[in-house]
Amino acid sequence: MRKHRSYSTILCIALQVIAINLFGQAVQLAAGVKKISSGVVDKFTPYGFCSEAPMAAALDKLPAGKLPFDIGDIKINITDRGVVVEVPLDDEEQLYGFGLQIGSFNQRGLKKRPIVNDNPLNDLGYTHGPTTLYVSNKGYGILINTARYTTFYCGTTDKLNKNNKRNDAGKTGNSVEELYKNDKKAAGYVTVDIPGAKGIDIFVFEGPDLKSVMQRYNLFSGGGALPAIWGLGVKYRVKADFNQSQVGKMAAYFRNNHIPCDVLGLEPRWQTASYSCSYVWNKSFFPSPNEFIDTMKNKGFHINLWEHAFTSPKSPLYEPLKNKAGNYLVWNGLVPDFADTAAANIFATYHRDTFVNEGISGFKMDECDNSNIAFGRDSWSFPELSSFPSGIDGEQMHQLFGLLYQKTIYNIYKKSNKRTYLDVRASNAFASSYPAALYSDTYVHDEYIRMIVNSGFAGMIWSPEVRESTSIKDFMRRSQTAVLSAQTLYNSWYLKNPPWLQINKEKNNKDELMPDAKDVEADVRKLLNFRMSLIPYLYNAFAAYHFKGIPVFRALVMDYPKDKNTFNLSDEYMIGDGILAAPLTERADGRTVYLPAGTWYDFNTNQKFDGGKSYTIKPGLTQLPIFIKAGTILPLAEPVEHVAPDTKFQVTCYVYGTTKTDAQLFEDDGLTFDYDKGVYNTVNLLWDKGHGEVKRNGKYKGLRYVVRKWQLIN
Ligand code: GAL
C-alpha cells in the first residue's frame with residue numbers, strides 16, 4: 001500500500017514537472033483548455049461570472065489539438081499603463097472573432113477594440129457582443145479574460161528591433177503607389193493592450209482546427225444554448241402602444257390567415273413606466289394580464305415582455321435596489337448592481353413571482369449595451385466613471401451588464417425547469433449556454449448577414465430582425481435572411497400593421513395597405529412555412545450546439561479550413577451540417593455563391609453543382625437561397641402554425657445524392673431541462689440502397705417526429 005502511494009506521488013511530481021516544462025505557468029482547466037496568469041488579476045471578469053460547469057465528458061472526446069507555438073511564448077508585460085500581451089502570429093494565419101463584429105469578418109491586419117455599444121462606429125470593434133476572444137486558423141483560440149476596454153492589434157504593429165537594420169530603410173518611391181505602399185509583412189504577434197489592469201488571466205483553447213476551438217470554447221462555457229422548441233418558430237413584436245384587445249386582434253389575424261407565429265412580443269407600453277422601467281402592468285392598456293396570458297396560451301402564443309434593467313422610481317423594485325445600484329442614473333432609473341448576487345436575486349425573485357410564474361415565456365432585455373451616438377438620439381447610459389457597491393467600475397459594468405442581466409433572467413427559467421428563448425441587446429464571453437438572441441437597431445442588411453457568420457465565432461445567437469423596408473424586394477430578402485437565422489423575428493414596435501401588408505412606415509400607421517398586400521402576405525406565408533418545416537433539422541443542430549459545442553450558424557471557413565476561398569467569405573454560412581445559405585440583399589436579383597469541395601444541390605431546382613467553384617444564382621423572392629451538401633438527409637416537416645407541447649412533426653426525409661448515409665433528430669419535450677438528465681431520444685434516420693429506416697434510442701417516452709416519406713434527390 002505504502003509502496004503504491006509513493007509510486008503515485010512520484011508520478012504526480014513527474015507530471016507536474018513535465019507540465020511546467022511544457023507550459024510555463026499554464027494550468028490545465030479542462031481537456032485542451034489552459035490558463036496562463038500574471039500579476040494581480042481583476043476581481044470582475046467574464047469568466048468570474050460564469051457559473052455553468054464545463055461539459056467535461058464532451059471536451060474529453062474532442063480530438064487533441066496542438067498549439068503552433070510554445071505556450072511560454074505568450075508574453076505578458078505589466079507596466080504602469082496596464083497589461084500588454086503578445087501572442088505569436090505567423091505570416092499565414094487568419095484570425096476571426098472579437099464577438100459579434102458588425103463590419104468585418106477576418107480580423108487579420110486589423111486593430112480591434114471590442115467595446116459594448118449599439119453602433120459600429122466605423123468598424124472600430126464596437127458591438128453588442130464584445131468578446132475578447134479571437135480564433136486562429138492554425139487551430140487555437142485566445143481569450144483575454146477581462147472586462148476592461150481592450151485593444152487588439154492583429155499583426156499590425158511593428159516593434160523597433162535595435163539589433164536589426166530595416167532592410168527598406170531610406171527607400172523612397174517614384175510613383176504615388178510606391179510612396180504609400182505598406183510593408184504588408186506584418187508583425188509576428190498579436191498585441192493586446194489592457195489599460196488599467198494589474199494582471200491578467202489568458203485562456204487558451206486548443207483545436208486542432210477552427211471548428212473544434214469553438215466547440216471547446218462553447219463546451220467549456222457549459223455547452224451551447226438549446227432554446228425551447230417553440231422559440232424556433234416565428235416571433236412577432238407588436239406596436240409599442242398596443243393594448244390588450246389590439247394584441248388579441250393581431251393574434252387572431254395570424255391564426256385566421258394561417259401565418260405561423262409562436263411568440264408575440266409586447267413593447268414598452270405594457271408597463272406603467274418604461275424609460276426607466278416600473279415592471280408593473282399598465283392596467284389601462286392591459287386590464288387583465290393573467291387572463292390575457294392564458295387566452296394567448298390557449299391559442300398557441302407565448303408572450304414575451306420588453307424591458308430594460310434601469311429601474312424607475314415608480315417601480316416596486318426601486319426601494320429594495322436603491323442601495324444596491326450604481327451612483328449614476330439612466331433615464332432617472334437605478335442601474336442595478338448585477339455584480340452583486342443580492343441585487344440580482346432581488347431582480348430575479350420579483351420577475352419570477354410577477355411574470356415567469358404567471359406564464360410569461362421570455363423577455364426582451366433591451367438597452368443593456370449603451371450608446372455613444374445613438375441613431376439620432378443623444379448618447380445614453382451610465383458613465384464609465386460610475387461606481388457600484390460591489391466594487392465593479394462603470395467600464396467593467398458596461399462590458400458585463402448584458403451578460404449579467406441575461407444570467408439573472410435565464411437562471412429564473414433554469415431553476416423553474418422551464419426553457420425559454422430570450423432577446424438581449426448585449427452579451428459577452430462564456431454566454432454560449434444562454435438561450436438569448438442578440439438583436440440590433442442598425443438594420444443594414446449586409447451587416448446583419450455578416451453577423452450571422454460572425455456569431456459562430458462568438459458563442460452567441462443572433463437574430464437579424466425585419467421591420468419596414470424600402471421595397472418589396474428588400475422586405476422579402478430580409479425575410480429570407482430572418483428565416484435562415486437563429487430566430488425569425490419581425491419587430492413591428494412602431495408599425496401598426498404587419499410590414500408585409502405595408503412596407504412603408506407612415507402609410508402602415510395610417511392603415512393604407514399596399515394594393516398587392518395579400519400577394520406579399522402569401523409570399524411571406526411561404527417563407528415562414530419553410531421555417532416551420534425546418535424546425536426538426538434546426539432543433540437537432542441546436543442539440544449538437546448544446547452537447548458538442550458545434551455552432552449552428554457558422555462561417556464556411558469553419559467547415560472548410562484548408563480552402564483559401566473561404567478565408568474572407570462573410571456572406572455565406574452553414575446551417576447545421578448539410579445546408580449552405582447564401583442570402584441576397586435587395587441590390588440585385590442574383591449573386592455569386594462559392595461552393596466548397598464536394599457536390600451540392602440547389603434546394604429550389606435540385607440542380608447538381610460541383611464544389612470548388614463559384615456560380616451565379618438568381619433565386620426568386622419566395623425561394624430560399626440554400627444549397628444542400630451531397631450525403632445529407634434533410635428532414636422537412638409539414639409546416640405547423642405554431643409548435644404546441646404535443647406537436648408531432650410529419651416529416652419527409654430528402655436524401656441528397658447518396659446510396660448510404662444517416663442523420664439524427666433530437667427528440668425531447670422541448671420545454672424543460674430534463675434533457676440534461678438524459679431524458680431525450682436520438683432518432684436515427686438511416687438510408688441504405690433506396691430504403692429508409694428510423695431507429696430511436698433514449699429515455700424520452702413521447703413522440704415528436706413521424707417520418708412519413710423518403711425521397712432521393714439525385
Ligand atoms: C429599442 C429597441 C427596439 C424597440 C425600442 C422600444 O431600443 O432596440 O427594438 O424595442 O427600443 O422603445
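Residues numbered from 1 in each chain as written. Predicted model: local features only at pLDDT ≥ 70, side-chain atom pairs only at ≥ 80, totals over all residues. Heavy atoms only, no water.

### Considerations on the sheet that holds strand 25 (residues 608-610)
(1) Moving on: Sheet architecture is open: six strands sit in the order 20-21-22-27-24-25, paired in antiparallel fashion. The sheet is open, and its two borders are formed by strand 20 (553-555) and strand 25, each paired with just one other strand. Averaged over neighbouring strand pairs, the angle between their axes works out to 35° when direction is ignored.
(2) Moving on: Pairing geometry for strand 20 and strand 21 (residues 573-575), over three bridges, is antiparallel. Bridging across to strand 21, Phe553 finds its partner in Ile575. (Pairing = 2+ DSSP bridges. Helix = DSSP H or I, 4+ residues; strand = E, 2+ residues; numbered from the N terminus. Axes fitted to C-alpha atoms, helices over the stretch in contact; angles between N-to-C directions.)

### A short note on the packing of aromatic side chains
The geometry of an aromatic ring pair is captured by two quantities: the separation of the ring centres and the angle between the planes.
(1) Moving on: Counting across every chain of the model gives 62 aromatic pairs.
(2) Moving on: Each ring, one from Tyr350 and one from Phe355, has its centre 6.1 Å from the other, and the planes form 80°; the classification is edge-to-face. The pair formed by Tyr350 and Phe355 is uniform in burial state, with each residue classed as buried.
(3) Moving on: Aromatic rings pair up to connect Tyr275, Tyr279, Trp306, Phe310, Trp331, Phe338, Phe347, Trp380, Phe382, Phe388, Phe401 and Tyr405 into one cluster.
(4) Moving on: For the cation-ring pair, Lys364 lies above Tyr439, with the distance from its terminal atom to the ring centre recorded as 4.9 Å. (Phe/Tyr/Trp six-rings, centres within 6.5 Å; stacked < 30°, edge-to-face > 60°. Buried < 20%, exposed > 50% of the residue type's maximum accessible area, 1.4 Å probe, protein only. Lys NZ or Arg CZ within 6 Å of the ring centre and 35° of its normal.)

### Examining the pairing of strand 2 (residues 33-39)
(1) Moving on: Pairing geometry for strand 1 (residues 27-30) and strand 2, over three bridges, is antiparallel. Each residue of the ladder has a partner; that of Gln28, found in strand 2, is Lys34.
(2) Moving on: In this structure, the hairpin formed by strand 1 and strand 2 is closed by a connection of two residues, where Gly32 is found at a positive phi of approximately 75°.
(3) Moving on: The pairing of strand 2 with strand 11 (residues 199-206) spans seven bridges and is classified as antiparallel.

### Focus: the nonpolar core
(1) Moving on: The biggest cluster of nonpolar side chains holds 179 residues, and the ones touching the most others in it are Phe205, Phe254, Leu264, Leu266, Phe363, Phe457 and Trp500.
(2) Moving on: A total of 16 residues in this core trace back to one element, the largest contributor, which is helix 13 (residues 517-548).
(3) Moving on: By size, the runner-up hydrophobic cluster in this structure holds 25 residues, among which are Leu67, Val85, Phe98 and Ile200. (Core = buried A, V, L, I, M, F, W, Y, C linked by side-chain atoms within 4.5 Å.)

### Overview of the pattern of salt bridges
(1) Moving on: As enumerated under the stated definition, the model contains 38 salt bridges in all.
(2) Moving on: In this structure, Glu86 engages Lys159 in a salt bridge whose closest nitrogen and oxygen atoms are separated by 2.6 Å. In this pair, Glu86 is assigned in strand 4 (residues 82-88) and Lys159 in the loop between strand 9 (151-154) and helix 3 (176-180), connecting sequence segments 73 residues apart.
(3) Moving on: Residue Glu86 is classed as buried on the basis of its relative accessible area of 16%. (Salt bridge = Lys/Arg side-chain N within 4 Å of Asp/Glu carboxyl O.)

### Here's the deal with the domain arrangement of the chain
(1) Moving on: With domains assigned, the chain is organised as domain 1 (22-160 + 175-220), domain 2 (229-537), domain 3 (553-628) and domain 4 (633-713).
(2) Moving on: Its C-alpha centre places domain 3 at a distance of 25 Å from the equivalent point of domain 4.
(3) Moving on: Counting residues at the interface gives five residues for domain 3, matched by five residues for domain 4.
(4) Moving on: Of the roughly 490 Å² buried between domain 3 and domain 4, counting both surfaces, carbon and sulfur atoms make up 81%.
(5) Moving on: Here domain 3 and domain 4 share zero salt bridges between them. (Domains from an automatic or database assignment. Contact = heavy atoms within 4.5 Å. Buried area = accessible area lost by both parts, 1.4 Å probe.)

### Points about the side chain of Asp474
(1) Moving on: By the secondary structure assignment, Asp474 is in helix 11 (residues 472-483).
(2) Moving on: Setting aside residues no more than four positions away along its own chain, Asp474 makes contact with Ser469 and Glu586.

### Topic: the site of the ligand
(1) Moving on: In the neighbourhood of the ligand, the contacting residues comprise Glu267, Pro268, Tyr275, Trp306, Lys364, Asp366, Glu367, Arg425, Tyr439, Asp441, Asn491 and Trp493.
(2) Moving on: Asp441 places a polar side-chain atom, nitrogen or oxygen, 2.7 Å from an oxygen atom of the ligand.
(3) Moving on: Across the complex, the protein chains shield 96% of the 310 Å² of accessible surface that the ligand would expose by itself. (Near = heavy atom within 4 Å. Polar contact = N/O pair within 3.5 Å; in protein donor to acceptor, adjacent residues only side chain to side chain. Areas by Shrake-Rupley, 256 points an atom, 1.4 Å probe, with all protein chains shown as cover.)

### Digging into the side chain of Ser104
(1) Moving on: Along the polypeptide, Ser104 turns up in the loop between strand 5 (95-97) and strand 6 (111-112).
(2) Moving on: Among the residues examined, Ser104 registers a relative accessible area of 7% and is labelled buried.
(3) Moving on: Among the polar contacts made by the side chain of Ser104, one reaches the side chain of Gln107 at a distance of 3.1 Å.
(4) Moving on: A polar side-chain atom of Ser104 sits 2.3 Å from a polar atom in the side chain of Lys112.

### Overview of the environment of Tyr134
(1) Moving on: Position of Tyr134 relative to the elements: it lies in strand 7 (residues 133-136).
(2) Moving on: Once the C-alpha coordinates of Tyr134 and Tyr675 are considered, the two residues, 541 residues apart in sequence, prove to be 31 Å apart.
(3) Moving on: Residues contacting Tyr134, with those up to four places away along its chain left out, are Val87, Leu95, Tyr96, Phe98, Tyr140, Gly141, Ile142, Phe152 and Val190.

### Some points on helix 11
(1) Moving on: With 12 residues, helix 11 extends 16 Å from end C-alpha to end C-alpha; this agrees with the ideal 16 Å at 1.5 Å per step.
(2) Moving on: Buried residues dominate helix 11, accounting for 10 of its 12 residues.
(3) Moving on: Among all positions of helix 11, only Asp474, Phe475, Met476, Arg477, Arg478, Ser479, Gln480, Thr481, Ala482 and Val483 are buried.
(4) Moving on: Where helix 11 is buried, its residues meet helix 10 (445-455), strand 19 (488-491), helix 13 and strand 21. (Expected span 1.5 Å × (residues − 1).)

### Some words on empty space enclosed by the protein
(1) Moving on: Summed over the entire model, instances satisfying the criterion amount to four cavities of 30 Å³ or more.
(2) Moving on: Reported here for the largest cavity is a volume of approximately 120 Å³.
(3) Moving on: Secondary structure elements with two or more residues in the lining of the largest cavity: helix 10, strand 18 (461-462) and helix 13.
(4) Moving on: A breakdown of the residues in the lining of the largest cavity according to their chemical character gives 10 nonpolar, four polar and no charged.
(5) Moving on: Taken as a whole, the second largest cavity holds about 40 Å³ of empty space. (1 Å grid on protein atoms, 1.4 Å probe; cavity = no way out; pocket = protein on both sides within 12 Å on 5 of 7 lines; lining within 4 Å. Points joined across faces, edges and corners; volume = space filled by probe spheres on them. Nonpolar A, V, L, I, M, F, W, Y, C, P; charged D, E, K, R; others polar.)

### What to know about the pairing of strand 3 (residues 75-78)
(1) Moving on: Strand direction decides the pairing type here: strand 3 and strand 4, joined by four bridges, are antiparallel. Counted as the bridge partner of Lys75 is Glu86 from strand 4.

### Here's the deal with unusual backbone geometry
(1) Moving on: Looking along the chain, the bond that leaves Gly207 and enters Pro208 is cis, with omega of 25°.
(2) Moving on: Its location among the elements puts Pro208 in the loop between strand 11 and helix 4 (210-220).
(3) Moving on: The amide bond that connects Tyr275 to the next residue, Ser276, takes the cis arrangement and shows omega of 10°.
(4) Moving on: Topologically, Ser276 is positioned in the loop between strand 13 (263-266) and helix 6 (289-298).
(5) Moving on: Not every positive phi belongs to a glycine, and Asn122 is a case in point at roughly 55°.
(6) Moving on: Within the secondary structure layout, Asn122 lies in the loop between strand 6 and strand 7.
(7) Moving on: Even without being glycine, Asn606 reaches a positive phi, approximately 65°.
(8) Moving on: Position of Asn606 relative to the elements: it lies in the loop between strand 24 (599-602) and strand 25.

### Let's talk about the packing of helix 11 against helix 13
(1) Moving on: As a packed pair, helix 11 and helix 13 sit with axes 9 Å apart at the nearest point and diverge in direction by 15°. On the basis of their axis angle, the class for helix 11 and helix 13 is roughly parallel. Considering how the two elements wind past one another, helix 11 and helix 13 form a crossing that is right-handed. Contacts from Ile472, Phe475, Met476, Ser479, Gln480, Ala482 and Val483 of helix 11 reach helix 13 at Val520, Asp523, Val524, Leu527, Leu528, Phe530 and Arg531.
(2) Moving on: Taken together, the residues of the contact of helix 11 with helix 13 sort by class into 10 nonpolar, two polar and two charged. (Parallel < 35°, antiparallel > 145°, perpendicular 65-115°, else oblique. Left-handed = near helix turned anticlockwise from the far one by under 90°.)

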